[in-house]
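Given next are the chains, with one letter for each unit.
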Amino acid sequence: MGNSKIYSKIIYSRRLENELSEWIKKYPKGKVFLATEETVNQLWVSKFDHFFLEKGIRKVIIPSGENNKKIESVAKIWEFLSKNGGDRKSLLINIGGGMLTDLAGFAATTFKRGIDFLNVPTTLLSQVDASVGGKTGINFNGLKNEVGTFKEPVAVIINTDFLQTIDKENFISGFAEMIKHGLIYSPEHLEELKTFDFENIDYDLLQEIIRHSVNVKEYFVSNDLTENNIRKALNYGHTVGHAFESIAMEQKRPILHGYAVAYGMIAELFLSAEICNFPKIDFDKINGWLLKVYGKFEISENDFDRLFELMTHDKKNESGRINFTLLRAVGKIEINQNGDKELIFDALRYYANL
């Protein structure tokens, strides 16, 4: 596919109404709809009610939280579109975090065999991660993102104003995906993240840093739309990270996705040093920094077997082997790396003893 820009237009702007007006104009009156989630509606969307009313846009509100990322919520959007005259020329504007944009994106791609949708991600995680790549989906039968489609929104509007109301923990969670982008592709991006001031956030500067991060994801996605080769780079930290996320849930001490990825990156940096000779000096610096920002998730030897088992369920494994994306150096990836059980236990042991 090369670099053909068949994915969506990404707009960086702090003037939401202006940007939306441009898109609304392109669709027949009364055929533009809005999907959002309760929390985002209370904090933000309701402030724009006059604007949506004036444009004749009706909205559907989905309850917030990962447990609502399910088929019943999709049906609620389908029903809403159906009752209000949604047709194949309609546009669905989705304003919310990754849960909402995934879910409403899925509803849009399946309604009438697919209508256009536009995403306005409202969390740092969804701005740097869910905004690119065209993945939509819902959880099903207790499995995360089990049902979904690959379909790009017509546009994504990234506006850092929304980030003023997210708590520090969720902000830092999203920041982990940016660190990952720096590690797998751009030493320069990694450096600007190391000096980022969490206490006094400059939202204009943040808009620029997000752009650098999204550019990294765009590079991998545009060169590998269906995740056959180099797009796997984006899984760095996720094989171990998803296992941490799942065990945390099982043990009733849930952790945010970005924190799990940060812990996963620490363990997978150990594997990178063992398998790909990642330089020791960078290894110590990066893991020290990740530990300082994200703290630590306590695990013991008793958890290793379960964590290993969870890793074997990862969607990205092939023929029974656990597949990792590892680093030879900052910005130098090695995809499809396999570690045996003993080495994976060594990485978990290294992490547990930090």
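Residues numbered from 1 in each chain as written. Predicted model: local features only at pLDDT ≥ 70, side-chain atom pairs only at ≥ 80, totals over all residues. Heavy atoms only, no water.

Caption draft 1: Focus on the overall build of the protein. Along its length, the protein carries 14 helices and 10 strands. Relative to its length of 354 residues, the protein is compact, with a C-alpha radius of gyration of 20 Å against a globular reference of 20 Å. Its C-alpha atoms give the protein principal-axis dimensions of about 60 × 40 × 40 Å. A buried classification covers 55% of the 354 residues belonging to the protein. (Helix = DSSP H or I, 4+ residues; strand = E, 2+ residues; numbered from the N terminus. Rg over C-alpha atoms; globule rule 2.2 N^0.38 Å. Buried < 20%, exposed > 50% of the residue type's maximum accessible area, 1.4 Å probe, protein only.)

Caption draft 2: Broad picture of helix α8 (residues 187–194). Buried within α8 we find H189, L190 and L193. What you see down the axis of α8 is that its buried residues fit within an arc of 100°, all on one side. Along its buried surface, α8 packs onto α7 (168–185), α9 (203–222) and α12 (280–294). (Arc of directions from axis to C-beta. Contact = heavy atoms within 4.5 Å.)

Caption draft 3: Up close: the environment of E250. Inspection of the secondary structure puts E250 in helix α10 (residues 238–250). Residue classification places E250 among the partly exposed positions, given a relative accessible area of 40%. Each C-alpha atom of the pair E250 and V154 lies 38 Å from the other, and the pair is 96 residues apart in sequence. Sequence-distant contacts of E250, that is, excluding residues within four places in its chain, are made with R306 and L310.

Caption draft 4: The arrangement of the packing of helix α11 (residues 257–276) against α12 in detail. Viewed as axis vectors pointing N to C, α11 and α12 meet at an angle of 160°, and their least axial separation amounts to 10 Å. Here α11 lies roughly antiparallel to α12, going by the angle between them. The handedness of the crossing between α11 and α12 comes out as left-handed. Facing α11, whose interface residues are G258, Y259, A262, Y263, M265, I266, L269, F270 and A273, α12 presents F283, I286, N287, L290, L291 and Y294. (Axes fitted to C-alpha atoms, helices over the stretch in contact; angles between N-to-C directions. Parallel < 35°, antiparallel > 145°, perpendicular 65-115°, else oblique. Left-handed = near helix turned anticlockwise from the far one by under 90°.)

Caption draft 5: Structural context of helix α5 (residues 98–110). Over its 13 residues, α5 runs 18 Å from end to end, which matches the ideal 18 Å to within 8%, given 1.5 Å per residue. Burial runs high along α5: 11 of the 13 residues are buried. Among the residues making up α5, those that are buried are M99, L100, T101, D102, L103, A104, G105, F106, A107, A108 and T109. Phi turns positive one or two residues past the end of α5, at K112, with a value near 50°. (Expected span 1.5 Å × (residues − 1).)

Caption draft 6: Main features of the packing of α7 against α12. Interhelical geometry of α7 versus α12 gives an angle of 170° and a closest axis separation of 11 Å. In terms of their interaxial angle, α7 and α12 are classed as roughly antiparallel. Across from I172, F175, A176, I179 and L183 in α7, the residues of α12 making contact are I286, W289, L290, V293 and Y294.

Caption draft 7: Highlighting unusual backbone geometry. Residue R113 is not a glycine yet carries a positive backbone phi of 65°. Along the chain, the position of R113 falls in the loop between α5 and β5 (116–121). We note that N336 has phi near 55°; this positive angle belongs to a residue other than glycine. With respect to the element layout, N336 can be found in strand β10 (residues 332–338). A relative accessible area of 35% places N336 in the partly exposed class.

Caption draft 8: Region of interest: the packing of aromatic side chains. Inspection of the entire model under this criterion finds 23 aromatic pairs. Seen in terms of ring centroids, Y263 and Y351 are 6.0 Å apart; in terms of plane orientation they differ by 50°. Their pairing is tilted. Of this pair, Y263 sits in helix α11 while Y351 sits in helix α14 (residues 341–352), placing them 88 residues apart in sequence. Each member of the pair, Y263 as well as Y351, is classed as buried. Between F304 and F345 the ring centres are 5.6 Å apart and the planes differ by 75°, which places this aromatic pair in the edge-to-face class. (Phe/Tyr/Trp six-rings, centres within 6.5 Å; stacked < 30°, edge-to-face > 60°.)

Caption draft 9: Fine view of the pattern of salt bridges. Counted by the stated rule, this structure contains 20 salt bridges. Residue K83 pairs with E79 through a salt bridge whose shortest N-O separation is 3.3 Å. One end of the pair is K83 and the other is E79, both in helix α4 (residues 71–83) and 4 residues apart, which spans about a single turn. The partly exposed category is assigned to E79, whose relative accessible area is 47%. One salt bridge connects E177 with K180, and the closest N-O pair in it is separated by 2.8 Å. Taken together, the residues E177 and K180, both in helix α7 and 3 residues apart, mark about one turn of the helix. The structure contains a network of salt bridges with shared partners spanning R14, D161 and D204. (Salt bridge = Lys/Arg side-chain N within 4 Å of Asp/Glu carboxyl O.)

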